[in-house]
Amino acid sequence: MSAAKPKVAFYWCSSCGGCEESIVDLAEDILKVVAAVDIVFWPVALDFKKKDVEAMEDGSIAVSFINGAVRLSEQEEMVKMLRKKSGLIVAHGACSHLGGIPGLGNFWNKETIFNRSYLTTPSTDNPDRTVPLEKVEVEGKELTLPRFYDTVYALDQVIDVDYYLPGCAPPRDLIMNAIQAILDGKLPPKGAVLSPNKSLCDDCGRNESKPEKLVIKEIKRPWEVEMDPEKCFLAQGIICMGPATRTGCGERCIEANMPCRGCFGPTDQVFDQGAKFLSALASILDTDDEKEIEKIVDTIIDPAGTFYRFSLPSSILRRRRMEAIK
Amino acid sequence: MTNGAFEPRLVGFLCNWCSYTGADLAGTARMVYAPNIRIIRVMCSGRVDPQFVLKAFSEGADGVLISGCHPGDCHYQEGNYKALRRHRLLTRMLEQFGIEKERFRLEWVSAAEGVKFQQVCNEFTEQIRKLGPLNWNGGKHERSQA
């Protein structure tokens, strides 16, 4: 290994592993990456320990790619350490960028999540009602677990983040572009999301099929209808987050005949993806009658969970009110 | 705030053409009403982005009012209908965040309805006084280390 190669770290927090997979999915391109950089920390693939990172000099890692949201005290500790040791931090994937799917836990709290996971699911067999404890004494020795927070955080709510790679998981062309830009030192301004700043509809192949005046009389869920593989989903009455979602994903879902779920988050002009989508959807409901409006609105089963599927922790409200959780 | 007693903080988005003029009428006619509302003038109730409402709640509002022209009277033809549809959907979504529907109100107040504006402000203030403060913090202060 030559000393001149920039050092790179990969770390995962609260995530499914798909973002790690997105690195492996670079396939032959991973060899180019490995040739150009030294990977100094990657718990999922390589045997480095926390103490190895601790021993590194501050700022000595050129860039750390961190995926996953922050939900545990351990994750907070690790990302703070990586921040100190790294020149650049890239939030890799929807969970670290926006909070992601684990962020939907913000409609609950630690107590209700533990209760469900360890006590009340139909498949649970836990007669002693054991739940994870932060400290437990076993044969005179104290064992500890990280603290589980009531709230899930996006990475930039815990540490300073330089760049964001959006997506669940980020597509390989965006990852390679990001790595190349870092290697070439041709980076956009700090804080940039490394994907075009336009809405998905701008690039969507179905855009042309959109009627001049787009209106919805009835909201349908994907399983309730046979979806036209060419027509704009919203024109079919199916909720598609495209208007409020950043493009750059390659329309993978649309091409598989599934509406956009919003994993790329909003464009730079928008603070709150869910609110913006709500605004767009409400304005195309095709009725001015109060009762009819309420009837249509009631058919949207879970508005908050649908509009904030990937972005609840980074939204303006961030979570359900603790006092309102029973 | 007097003696630490709870005084509701309300934010009101009023349309330029009807409701703001109605509020102005209440003022120039020297009608007395609860001083709890902070008025923000917008060109149309249809201009009120749901982000504005969320921001108000997240930064300390206990209640938010949107007020516009009566149905059929919108200066821009249909802005108030958009506001109505957004209000109904946003109200449902706010309940999922634990924000009671009483805290988010939509009212039609015309330029001639100073009295109605007075009543809305008084009623809304009393309603929120009963409900208590929202104290939104969004889980911001939970993490242990600084």
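Computed from a predicted structure; not experimentally measured.

J.: Any chance you could explain the overall build of chain B here in plain terms?
T.: Counting secondary structure elements, chain B contains 4 helices and 4 strands. Counting from the amino terminus, helix and strand elements in chain B follow one another as β-α-β-α-β-α-β-α. Against the 2.2 N^0.38 benchmark of 15 Å for 146 residues, chain B shows a C-alpha radius of gyration of 16 Å, consistent with a compact globule. Each principal axis of the C-alpha distribution contributes one length, and for chain B these read about 55 × 35 × 25 Å. For chain B, with 146 residues in total, the buried portion stands at 51%. In chain B, 80% of the contacts between residues at least 6 apart in sequence involve partners at least 24 apart.

J.: Just to check I follow, could you spell out the interface of chain A and chain B for this structure?
T.: In many reports, interface size means the accessible area that the parts give up when they come together. Taken residue by residue, the interface counts 31 residues in chain A and 27 residues in chain B. Among the elements of the structure, α4 (73–85), β8 (148–153), α10 (273–283), α11 (290–298) and α12 (303–307) of chain A are those that each provide at least two residues to the side of chain A that touches chain B. A per-class count over the side of chain A that touches chain B returns 14 nonpolar, 4 polar and 13 charged.

J.: Honestly, the environment of Lys220(A) in this entry has me stumped. Any pointers?
T.: Residue and element names in this part refer to chain A. Relative to the helices and strands, Lys220 is located in the loop between α8 (200–203) and α9 (252–255). Look at Lys220 and you get partly exposed, because 15 C-beta atoms sit within 10 Å. Setting aside anything within four residues of it in sequence, one finds Lys220 in contact with Val225, Gly237 and Ile238.

J.: Quick question: what am I supposed to make of the packing of α10(A) against helix α3 (residues 79–96) of chain B here?
T.: Helices that pack against each other are described as a pair by the angle of their axes relative to one another and the distance between those axes. Contact geometry for α10(A) and α3(B): axes closest at 8 Å, N-to-C directions at 130 degrees. Here α3(B) runs oblique to α10(A), going by the angle between their axes. Taken as a pair, α10(A) and α3(B) cross one another with a handedness that is right-handed. Across the interface between the two elements, Leu278(A), Ser279(A), Ala282(A) and Ser283(A) of α10(A) pack against Lys82(B), Arg85(B), Arg86(B), Leu89(B), Leu90(B) and Met93(B) of α3(B).

J.: Before we go on, may I ask you to explain the sheet that holds strand β1 (residues 10–15) of chain B in this structure?
T.: Residue and element names in this part refer to chain B. The strand order across the open sheet formed by 4 strands is β2-β1-β3-β4, and the pairing between neighbours is parallel. Looking at the sheet topology across the chains shown, the edges are occupied by β2 (37–42) and β4 (104–108). Averaged over neighbouring strand pairs, the angle between their axes works out to 20 degrees when direction is ignored. Taken together, the 5 bridges between β1 and strand β3 (residues 63–68) define a ladder with parallel strand orientation. Residue pairing for β3: Gly12 is matched across the bridge by Leu65. Contacts from helix α1 (residues 19–28) reach β1, β2 and β3 within the one sheet, and its direction differs from that of β1 by about 115 degrees. Against the sheet, α3 engages β3 and β4, with an angle of about 160 degrees to β4.

J.: How should the sheet that holds strand β5 (residues 86–92) of chain A be read in this particular structure?
T.: Sheet strands line up and pair through hydrogen bonds in the backbone, either parallel or antiparallel. All names here are of chain A. Read across the open sheet, the 5 strands follow the order β2-β1-β3-β5-β9; overall the sheet is parallel. The open sheet has two edge strands, β2 (38–41) and β9 (163–165), and neither has a second partner. Each neighbouring strand pair of the sheet contributes to a mean axis angle of 30 degrees, computed without reference to strand direction. Of the pairings in the sheet, the one linking strand β3 (residues 61–67) to β5 comprises 6 bridges and is parallel in character. Note on β5: the bridge partner recorded for Val63 is Leu88. Against the sheet, helix α7 (residues 172–184) engages β3, β5 and β9, with an angle of about 155 degrees to β9.

J.: For this particular structure, what's the right way to read the environment of Ala94(A)?
T.: Residue and element names in this part refer to chain A. Position of Ala94 relative to the elements: it lies in helix α5 (residues 94–98). The exposure class of Ala94 is buried, given the 35 C-beta atoms found within 10 Å. Ala94 has contacts with Gly100, Pro166, Gly167, Cys168, Cys263, Gly265 and Phe310, leaving out every residue within four places of it along the chain.

J.: Help me understand the packing of α11(A) against α3(B) in this model?
T.: Where α11(A) meets α3(B), the axes come as close as 10 Å, and the angle between the chain directions of the two elements is 40 degrees. By the angle class used here, α11(A) and α3(B) are oblique. Along this stretch, α11(A) crosses α3(B), giving a crossing that reads as right-handed. Contacts between α11(A) and α3(B) involve Glu290(A), Ile293(A), Glu294(A) and Val297(A) on the former and, on the latter, Leu84(B), Arg85(B), Arg88(B), Leu89(B) and Arg92(B). Partitioned by chemical class, the residues of the contact of α11(A) with α3(B) number 4 nonpolar, no polar and 5 charged.

The rules we used
Within any chain, residue numbers begin from 1 and follow the written order of that chain's sequence. Chain letters and ligand numbers both follow the written order, the letters beginning at A and the numbers at 1. This being a predicted model, a pLDDT of at least 70 is required before a residue's local features are given, and a value of 80 or more before pairs of side-chain atoms are given or counted; all residues contribute to the totals for chains, interfaces and linings. In this description a helix means any DSSP run of H or I spanning at least four residues, a strand means any run of E spanning at least two, and both kinds are numbered starting from the N terminus. Just to be clear, the radius of gyration here is over C-alpha atoms, and the globule rule we use is 2.2 Å times residues to the power 0.38. To assign burial, the other C-beta atoms lying within 10 Å of each residue's own C-beta are counted, with C-beta atoms placed from the backbone; 20 or more indicates buried, 12 or fewer indicates exposed, and intermediate counts indicate partly exposed. We call two residues in contact if the C-beta atoms placed from their backbones are at most 7 Å apart. Charged means Asp, Glu, Lys or Arg here, nonpolar means Ala, Val, Leu, Ile, Met, Phe, Trp, Tyr, Cys or Pro, and polar covers whatever is left, Gly included. Axes here refer to lines fitted to C-alpha atoms; in helices the fit is confined to the stretch in contact. Angles between the N-to-C directions go from 0 to 180 degrees. Reported orientations rely on four angle classes, namely roughly parallel under 35 degrees, roughly antiparallel over 145, roughly perpendicular from 65 to 115, and oblique for the rest. Handedness of a crossing is defined here by the sense of rotation of the near helix relative to the far one, left-handed for an anticlockwise turn of less than a right angle and right-handed for a clockwise turn. The pairing criterion for strands is at least two bridges between them, as found by DSSP.

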